[in-house]
Amino acid sequence: MSNESEETLSNESCQEECQASSLPIEVVIYLMEFLSYSDRIAASHVCRHWYEASLHPKFINQEKVVLKKSASEALPIFKNASRPYFHFMFIDLEISNKMKEFCLKIAPDLKSFYLENCDVYEKMLVEILSECTSLEALVLENCRELFMPGCLLDSPEDVAVLCKSLQHLREISLSSNRYLSDAIFNRLMSAMPNLNTISLEGCQISYHAGLVKKYYPDSLTESNADYASETVLTFWNLFKYIQKRAKFIKNINLSRTLVDSKCLSVMSEVVELQLEGLYLVMCEQLNNVAIRSLAQHQKSLTALDLSCCARITDQALQFICNDLHGLRKLAVRNCRAITDLGVVHLKNLTNLVELDISQCEQVTAIGIQEGLCSKENRKLRKLSMEGLNTITSTTVISLAENLPLLTHLNLSYCFNAVTDSSIQAIFQHQLRLRSLRLACCDAVTDAGLTGMGMGATVDNTVIDAVVNSMVLSQPRPNISLRSRAEEEIVRDAYRKKVVQQMCEAQLTQGSSVGYSLARLKGLQELDLRSCNKITDVSLKYSFRFLELQHLNLSQCQQITHVGLQAIGENNPSIDTLNLSDCYNLTDDGIKALTITLHRLRYLDIKGCNQLTEASVDAIVENCRNLRYLDASCCNKMSDKIAELLHRLPAQTFYSRGEPRVSAPVPPPPLLRH
């Protein structure tokens, strides 16, 4: 490039930067409110003015710093940072003296502090928490070394110090701590006087009355009301605390415990207790009696999670729908005793915003039609119906027509319901979707995703007619030696050719088509895992999303480098991409993809057997923000890949071990809301 050309480009970039910086910072902040986190980070690189706007407290307060094993290298970055960080999550770490010094430095600004499976000792934790004067949420999950000695906060002086420093603490999670006892629980609660949210998920809480009598004899209880067992954690002790703090407690999580119907009924009837959120996932002892008492006494509930409660039946769901009219979030996932008789009452929950009825195997199209599609619903935003094999494509079409404002829709494993015709209805009516999950819906084809040949009739008879004529026109023996599977493969190849021709004709001639996936312009998450009839045609003509961040094409075995190139060119915001077990991918596809996807942070290419070290070279050269790479079962790659990845500027986790079942789970939220 000549010097004159370089000077021209430099002048143009300076002019653009000046124009960007001329906007008032209030306007820039307002514009950034509409951006996702990754988009906001990219926008902050425009100029110094925009960078300062991105540091507004409303944006910083949404960021969480996650530190896992070998995090010591990252500590100086945060320790010497010029800006504050309010939320830290420590996972699988040992809180050493070096880490303690770091924690003491960040403590005054901390608003949430998350410790999962961390080796931390009681004196060190007390010292850190005593400096956390702004802390609002604390999570101590599976911290074995902290609770096993049984001496946490055994000093009244420590309790008094924390009671002063933790005045702003509202949320506490003590999940999965098997050594938590009544005594430790009481001391912790004494040091946290203003709590309104408590999580004891996965803790070994004793609900049996006989065990309570063993550790709390009547004479001892009457003579010393402050006594608490150092050995067991009992519901009786928790119940006393709930009675004492009934006016202030708003959210309780007892998921994965043995809470039974009697205990839940007693807790629900506590005077002045007005819960807003209750989470009872996998509480298998609960039955309809407890839910009836809950619905009668806790009418202020806005969030209720009863997922995987095997004894919850239609009667319980009827109690919920008839009495809890303020409910906004309801999950009855995998409650297999629920049938259409209960689901039809969902129409009574007029304020419902989120609903999860996944894996309720006895729910059919009739119940969904009467419960959710009896009239237009403009309140519901998130709907999960994963694994409902009894519903049909007509059900999905009715849902699309009656739930036009949905932003999240999960129809994974609905083999019979998700077809080309039903997804056409989704693309037509549900234009506000931000997340669409259609995993293992293998009836979906290019025709449905592109809308080619569908037209106003919303079917693929046009394409089938053309395919039939092409098959018949081919010379073949009077008696076909092909199996049924081979015949279907041949027809799929013809179908792909027809759809591609129609797409090209539509671009040049504007021919009549149906509705394309590209109509969902605000889509941020798309899961098409194991939709094996999808080919490069769909990726080339329908995948055009400026905001798409998470894309899962795992086991879509017909896609090639042509489709990957189109994805990279038309979807610039992708940062999480799963291409595992896509056997036809080659190095050319990875090269084309990595050149254009500058924000890529997570990449799964497990089981892509045609990829070689050339793909790794392209990843190292182009993916400067990569944090995770799974290349297990890529047999043509050598063991030197890990050495090549060290050239990346960011610390990248690399897997060459056993095949992963799914993408790594993101860090959990501090508490469920």
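Residue positions are given per chain, counted from 1 along the sequence in the order it is written. Side-chain atom pairs in this predicted model are given and counted only at pLDDT of 80 or more, local residue features only at pLDDT of at least 70, and totals for whole chains, interfaces and linings cover all residues. As a convention, hydrogens and water are excluded, and side-chain values are obtained from all of the structure's heavy atoms.

**Things to note about the overall build of the chain**
Spelled out, the test is: Strands are runs of DSSP state E lasting at least 2 residues, helices are runs of H or I lasting at least 4, and numbering of each runs from the N terminus. Partly exposed residues are those whose accessible area sits between 20% and 50% of the maximum for their type, while under 20% is buried and over 50% is exposed, using a 1.4 Å probe and protein chains only. Here, residues are in contact when the closest pair of their heavy atoms is within 4.5 Å. Per-residue and other accessible areas were derived by the Shrake-Rupley procedure at a 1.4 Å probe size, with only the shown protein chains allowed to occlude residues.
Of the regular secondary structure elements, the chain holds 29 helices and 22 strands. When burial is assessed residue by residue, the chain has 52% of its 673 residues classed as buried. Restricting to contacts in the chain with at least 6 residues of sequence separation, those with at least 24 account for 79%. Accessible surface, the chain as shown: approximately 31000 Å² in total, 51% of it carbon and sulfur.

**Observations concerning the nonpolar core**
Note the threshold: Note on terminology: a nonpolar core comprises buried Ala, Val, Leu, Ile, Met, Phe, Trp, Tyr and Cys residues joined through side-chain atoms within 4.5 Å.
Counting residues in each nonpolar core, the largest one holds 171 residues, and the members touching the most others are Leu67, Phe88, Phe90, Phe113 and Leu330. When residues no more than four places from it in sequence are discounted, the contact partners of Leu330 are Leu304, Leu317, Ile320, Leu346, Leu349, Leu352, Glu354, Leu355 and Asp356. In terms of nonpolar packing, the next biggest core, distinct from the first, is built from 8 residues, Val28, Ala43, Cys47 and Ala53 among them.

**Some remarks on the side chain of Ser516**
You can see Ser516 is positioned in the loop between helix H24 (484-509) and strand S17 (525-527). Assessed through its relative accessible area of 15%, Ser516 is described here as buried. Apart from residues lying up to four places away in sequence, Ser516 is in contact with Phe427, Leu449, Thr450, Tyr541 and Ser542.

**Overview of a nonpolar patch on the surface**
Using the following cut-off: Residues qualify for a patch when their relative accessible area is over 30% and they have no salt bridge, like charges being joined within 9 Å and the nonpolar side chains of Val, Leu, Ile, Met, Phe, Trp and Tyr within 5 Å. In what follows, salt bridge is the name for a side-chain nitrogen of Lys or Arg lying within 4 Å of a carboxyl oxygen of Asp or Glu.
There is a patch of nonpolar side chains on the surface, built from Leu23, Val27, Tyr30, Leu31 and Phe34 and spanning about 470 Å² of accessible area. Tracing the chain through its elements places Leu31 in helix H2 (residues 25-32).

**A look at the confidence of the model for the chain**
Condition: Residue-level confidence of the predictor is what pLDDT reports, using numbers from 0 through 100.
On average, the chain scores 85 in pLDDT, and the residues at 70 or more come to 81%. Of the regions scoring below 50 in pLDDT, residues 1-14 engages in 2 contacts with residues more than four places distant in sequence or in other chains. Counting interchain partners and residues more than four positions distant, the pLDDT-below-50 stretch residues 658-673 has 38 contacts.

**Things to note about the side chain of Gln549**
Topologically, Gln549 is positioned in the loop between helix H25 (536-541) and strand S18 (550-552). Setting aside anything within four residues of it in sequence, one finds Gln549 in contact with Ser36, Ser38, Gln524, Ser573, Ile574, Asp575 and Thr576.

**Concerning the packing of aromatic side chains**
To keep things clear, this is the line we draw: Ring geometry is summarised as follows: Phe, Tyr and Trp rings, the Trp one being its six-membered ring, pair when their centres sit within 6.5 Å, and such pairs are stacked at plane angles under 30 degrees, edge-to-face over 60 and tilted between the two. Lysine and arginine charges are scored as sitting over a ring when NZ or CZ, respectively, is within 6 Å of the ring centre and within 35 degrees of the ring normal.
Enumeration according to the criterion identifies 15 aromatic pairs in this entry. Centre to centre, the rings of Tyr30 and Phe34 are 5.2 Å apart; their planes meet at 80 degrees, and the pair counts as edge-to-face. Looking at Tyr30, the relative accessible area reads 49%, which means it is partly exposed. Its relative accessible area of 59% is what places Phe34 among the exposed residues. Their ring planes at 35 degrees and their centres at 5.4 Å tell us that Tyr207 and Phe235 sit as a pair that is tilted. Of the two residues, Tyr207 is situated in the loop between strand S7 (205-206) and helix H12 (209-215) and Phe235 in helix H14 (residues 235-244); the sequence distance between them amounts to 28 residues. The burial state of Tyr207 is the same as that of Phe235; both residues are buried. Put simply, the rings of Phe78, Tyr85, Phe88, Phe90, Phe102 and Phe113 touch in pairs and so form one group of aromatic residues. Taking NZ or CZ as reference, Lys111 lies 4.9 Å from the ring centre of Phe86, over its face. The residue whose ring lies beneath Arg178 is Tyr179, and the NZ or CZ to ring-centre distance is 5.3 Å.

**Looking at the packing of H14 against helix H15 (residues 261-268)**
To keep it simple, the criterion reads: Axis geometry follows a simple rule: fit a line to the C-alpha atoms, using only the stretch in contact for helices, then measure angles between N-to-C directions, giving values from 0 to 180 degrees. Any angle from 65 to 115 degrees is called roughly perpendicular, while one under 35 is roughly parallel, one over 145 is roughly antiparallel, and all others are oblique. In a left-handed crossing the near helix is turned counterclockwise from the far helix by less than a right angle, and in a right-handed crossing that turn is clockwise. Only Asp, Glu, Lys and Arg are considered charged, only Ala, Val, Leu, Ile, Met, Phe, Trp, Tyr, Cys and Pro nonpolar, and every remaining residue, Gly among them, polar.
Contact geometry for H14 and H15: axes closest at 11 Å, N-to-C directions at 15 degrees. Relative to H15, the element H14 is oriented roughly parallel. The chirality of how H14 crosses H15 is right-handed. For the pair H14 and H15, contact is made by Phe235, Phe239 and Ile242 and by Cys263, Val266 and Met267, respectively. Its residues assigned to classes, the contact of H14 with H15 comprises 6 nonpolar, no polar and no charged.

**Quick word on the pairing of strand S2 (residues 87-91)**
Residues in a regular strand project their side chains so that they alternate between the two faces of the sheet. Applicable threshold: Any two strands are treated as partners once DSSP identifies two or more bridges connecting them. Clockwise travel from the first strand over the helix to the second, with the strands pointing away from the viewer, marks a crossover as right-handed.
Of all 5 residues in S2, 5 are buried, a share of seventy percent or more. Where strand S1 (residues 65-67) lies against S2, 3 bridges are found, and the strand directions are parallel. By the bridge assignment, Leu67 is partnered in S2 with Phe90. Relative to strand S3 (residues 112-116), S2 is paired through 5 bridges, and the arrangement is parallel. Bridged to His87 within S3 is Ser112. Between the parallel pair S2 and S3, the chain is carried across by helix H7 (residues 97-106), and the sense of this crossover is right-handed.

**What about the environment of Ile60?**
Locating Ile60 in the fold gives a position in helix H5 (residues 57-60). With 23 residues separating them in the primary sequence, Ile60 and Arg83 have C-alpha atoms 9.1 Å apart.

**A closer look at the state of the cysteines**
Let me state the cut-off plainly: Here, a disulfide means two cysteine sulfur atoms that sit within 2.5 Å of each other.
Applying the stated criterion across every chain, the model contains 0 disulfides. Considering cysteine sulfurs only, Cys335 is the nearest to Cys308, which forms no disulfide, with 7.0 Å between them.

**Structural notes on the environment of Asn177**
Put simply, the test is: Any N or O atom pair separated by 3.5 Å or less is treated as a polar contact, with the protein-specific requirement of one donor-capable and one acceptor-capable atom, and with residues adjacent in sequence counted only for side-chain atom pairs.
Within the secondary structure layout, Asn177 lies in the loop between strand S5 (171-173) and helix H11 (182-191). In the structure, Asn177 is positioned 36 residues away from Glu141 in sequence and 6.5 Å away in space, judged by C-alpha atoms. Ignoring any residue separated from it by four or fewer positions in sequence, one finds Asn177 in contact with Leu140, Glu141, Asn142, Cys143, Phe147 and Cys203. Within the structure, Asn177 has its side chain in polar contact with the backbone oxygen of Leu174 (distance 3.0 Å).

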